[in-house]
Amino acid sequence: MTPKKPRKTLNDAADKFIFGSEPEPEPPTEKPSATSPSTHGSGGLLEKLQKEESTKERPIRVSLDLSPEMHRRLTNLANRTGRKKSEVLRILLAQALAELEEED
């Protein structure tokens, strides 16, 4: 068996097409305050999914296998919020990681 060839890097044209000509500055992140509503319920997450802007930074690809039921639910959520499934997953993962870090 022959070893796998390393992936080719993006050229400047492809990089500009994917990420835009200039990187956008990241908006300031706000930690939820004691007076803000909790994002633990589905209403808070749904609100966040509908409002949060996506940031453009160089992604790292991750592969994920989902059950048909979970895929259907993800598709429905993406359609309701008008976002791509990958954006929904990024937001949900960021929320879960933030909650776990708060517990530490």
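Residues numbered from 1 in each chain as written. Predicted model: local features only at pLDDT ≥ 70, side-chain atom pairs only at ≥ 80, totals over all residues. Heavy atoms only, no water.

Draft legend 1. Geometry of the confidence of the model for the protein. Per-residue pLDDT for the protein averages 74, and the proportion of residues at 70 or more is 58%. pLDDT under 50 marks residues 29–40. Its contacts with residues more than four places away, or in other chains, come to 7 contacts. (pLDDT = per-residue confidence, 0-100. Contact = heavy atoms within 4.5 Å.)

Draft legend 2. Just the environment of leucine 74, in detail. With respect to the helices and strands, leucine 74 occurs in helix α3 (residues 68–81). For the pair leucine 74 and leucine 89, spaced 15 residues apart in sequence, the C-alpha to C-alpha distance is 8.3 Å. In this structure leucine 74 touches Leu66, Lys85, Val88 and Leu89, once residues within four positions along its chain are discounted. (Helix = DSSP H or I, 4+ residues; strand = E, 2+ residues; numbered from the N terminus.)

Draft legend 3. Spotlight on the nonpolar core. In terms of nonpolar packing, the biggest core is built from 6 residues, these being Leu49, Leu74, Leu77, Ala78, Val88 and Ile91. Contributions of two or more residues to this core are made by α3 and α4 (85–103). Of the residues forming this core, the biggest block, 3 residues, is contributed by α3. In this structure, alanine 78 is in contact with Arg83, Lys84, Lys85 and Val88, ignoring residues within four places of it in sequence. (Core = buried A, V, L, I, M, F, W, Y, C linked by side-chain atoms within 4.5 Å. Buried < 20%, exposed > 50% of the residue type's maximum accessible area, 1.4 Å probe, protein only.)

Draft legend 4. Here's a closer look at the pattern of salt bridges. Scanning the entire structure with this criterion turns up 2 salt bridges. In this structure, glutamate 69 and arginine 72 form a salt bridge, with 2.6 Å as the shortest nitrogen-oxygen distance. Taken as a pair, glutamate 69 and arginine 72 lie in helix α3 at a separation of 3 residues, close to a single helical turn. With a shortest N-O distance of 3.7 Å, glutamate 87 and arginine 83 are connected by a salt bridge. Overall, glutamate 87 belongs to the buried group, its relative accessible area being 19%. (Salt bridge = Lys/Arg side-chain N within 4 Å of Asp/Glu carboxyl O.)

Draft legend 5. The arrangement of a nonpolar patch on the surface in detail. Taken together, the side chains of Leu93, Leu97 and Leu100 present a nonpolar region at the surface, about 290 Å² in accessible area. Examined against the element boundaries, leucine 93 turns out to sit in helix α4. Judged by its relative accessible area of 52%, leucine 93 falls in the exposed class. (Patch = residues over 30% accessible without salt bridge, like charges linked within 9 Å, V, L, I, M, F, W, Y side chains within 5 Å. Areas by Shrake-Rupley, 256 points an atom, 1.4 Å probe, with all protein chains shown as cover.)

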